[in-house]
Amino acid sequence: MTEPSPQPVGTGQPKEADRLREILRAPGYLVILVYSALIGIPVSLIAFWFLVGLHELQHVFWAEIPHHLGWDTAPWWWPLPLLLVAGVVVGLVAAHMTGGGGHIPAGGLHAGATHPAALPGVVLAAVASLPLGAVLGPEAPLIALGGGLALLFRDLTRTPATPQTTALLGAAGAAAAIAAIFGNPLIAAVLLIEVSGIGGPQLFAVMLPALLSSGIGALVFTGLGKWTGLETGSLSLTLPMPMPLPSLDAPDVMWTVLIALVLAVLLNPVLEVGRRVAAFVSAQVLPRTVLCALGAAFCAALYALITGRSPADVALSGQAALGELAADPHAWAVGALIAVLLFKTAAYALCLGSLRGGAIFPAVFLGAAAGVLVAPLPGLGAVPAMAAGMAAATAAVMRLPVSSVVLVVLLLGSSAMIPIAILAAVISFTTTELLPAGTAHPPAPLAEQPPADPGGAKAAGTT
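As the structure is a prediction and not an experimental result, all values here were calculated from the model.

### So, the side chain of T394
Part 1 of the reasoning: By secondary structure assignment, the location of T394 is in helix α14 (residues 382–398).
Part 2 of the reasoning: Overall, T394 belongs to the buried group, its relative accessible area being 5%.
Part 3 of the reasoning: A polar atom in the side chain of T394 sits 2.7 Å from the backbone oxygen of M390.
Part 4 of the reasoning: Discounting chain neighbours no more than four positions away, the residues touching T394 are I360, A363, V364, R399 and S404.

### Let's talk about the packing of aromatic side chains
Part 1 of the reasoning: For the structure on display, the rule yields 5 aromatic pairs.
Part 2 of the reasoning: Of the aromatic side chains, those joined through ring pairs into one cluster are W71, W77 and W78.
Part 3 of the reasoning: Taking the ring centre of F280 as reference, the NZ or CZ of R288 above it sits at 4.3 Å.
Part 4 of the reasoning: Taking NZ or CZ as reference, R309 lies 3.9 Å from the ring centre of W332, over its face.

### Looking at the environment of L169
Part 1 of the reasoning: Here L169 lies in helix α6 (residues 163–182).
Part 2 of the reasoning: Taking the C-alpha atoms as reference points, L169 and I32, 137 residues apart in sequence, are found 7.4 Å from one another.
Part 3 of the reasoning: Setting aside residues up to four positions removed in sequence, L169 forms contacts with I32, Y35, S36, A150, L151 and R154.

### Considerations on a nonpolar patch on the surface
Part 1 of the reasoning: Taken together, I65, L69, W71, W76, W77, L302, L305 and I306 make up a surface patch of nonpolar side chains, about 760 Å² in accessible area.
Part 2 of the reasoning: At 3 residues, the largest contribution of residues to the nonpolar patch is made by helix α10 (residues 285–307).
Part 3 of the reasoning: Along the chain, the position of L305 falls in helix α10.

### Things to note about the state of the cysteines
Part 1 of the reasoning: Considering all chains together, one arrives at 0 disulfides under this definition.
Part 2 of the reasoning: Unpaired in this structure, C299 has its nearest cysteine sulfur neighbour in C351, at a distance of 8.6 Å.
Part 3 of the reasoning: For C299, a relative accessible area of 11% puts it in the buried group.

Calculation rules
- Residues numbered from 1 in each chain as written.
- Predicted model: local features only at pLDDT ≥ 70, side-chain atom pairs only at ≥ 80, totals over all residues.
- Heavy atoms only, no water.
- Helix = DSSP H or I, 4+ residues; strand = E, 2+ residues; numbered from the N terminus.
- Buried < 20%, exposed > 50% of the residue type's maximum accessible area, 1.4 Å probe, protein only.
- Polar contact = N/O pair within 3.5 Å; in protein donor to acceptor, adjacent residues only side chain to side chain.
- Contact = heavy atoms within 4.5 Å.
- Phe/Tyr/Trp six-rings, centres within 6.5 Å; stacked < 30°, edge-to-face > 60°.
- Lys NZ or Arg CZ within 6 Å of the ring centre and 35° of its normal.
- Patch = residues over 30% accessible without salt bridge, like charges linked within 9 Å, V, L, I, M, F, W, Y side chains within 5 Å.
- Areas by Shrake-Rupley, 256 points an atom, 1.4 Å probe, with all protein chains shown as cover.
- Salt bridge = Lys/Arg side-chain N within 4 Å of Asp/Glu carboxyl O.
- Disulfide = S-S within 2.5 Å.

Dropping the structure here:
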């Protein structure tokens, strides 16, 4: 059988590079690039102060007020009144305001542009949820805020509104806002590429083998360099680290495979439960939102009663608790780690279907806590265990393997754990995708729809 002769250069379909060159030379696209650069300034400023406000409110509610009332830390019952208020406010926003306060977290992240009319509800629901104890992070409201502000500025400057400009400017605004919480533009770009689904399933089908192969290759090179003492002359910079990270070895790899498989199986039902909670809430938005918020509060209160630790370990996004866990893992007893995993997972599922926020931060904490719990296993260190746990948990919940790896590397501040993070993320993602799909349909994103009549706005919050 003879091979087909190659096509002469310059014939047939235009090359991809030619198409890209045509797009970049189009005057309209260049205008969008310039506008995106300019719009990043106000969006970043607003996102910065939005995050500052959330942080300060959380400090007031969970540290200053208990201190002024005579407690060193929040008492065990503290989440009950706070999440009661959160449930009432979010329920009212979801039932009566345009956009329903943003998309339901159980539906996953969405990169679609948020209509400017939905922004007040998004901000109000986030302010009511996150500082008051919702087990959610700020990334989803930030994406909605950034995309909505970009479209608002477009309308104010009377830039022509087309489907292309709406999609591009919405993504640009969301990236500018999300970079504020992660402190890194790279994770914002990677996250939005995966969330938007550019390339569809084929992208993941091609990306996973390449990602896994690169991780295994890095492990082989690491092992050969350690065993032989030889160097390959790789392109790298040696920067001073606050503490040396351990070298990877065979037990780290073997335990990583097991950690990824177990976390994928255990955390796969979390979004499914969250979607069922969202379906339950949709029938009677206000009372059932309050009921689910109180359920999350009881999880935090019971944890505090059982362990004697702060209920903030279970409530809130887990960002502050993650820093404490990484700084002193030995301060957490085995019973406390098991309790925080059980109660925070339950509260997480309830908040995913009822309140407003993002799903990434609690998943990262749950993975880190699981890693610390299994770190005493023979041959497994705390840092590799945390890296594997965080990557596996984030990939299992968010279905974003590349973003999970980049996020773990960003959190650790070193590339030493990249092979472990890749292995854990790919195995967890693949296992999650191969597990039986749930029966509950993902909740539709609410804030991406244009405003309707008052009756329609009310209905949007209850579908």
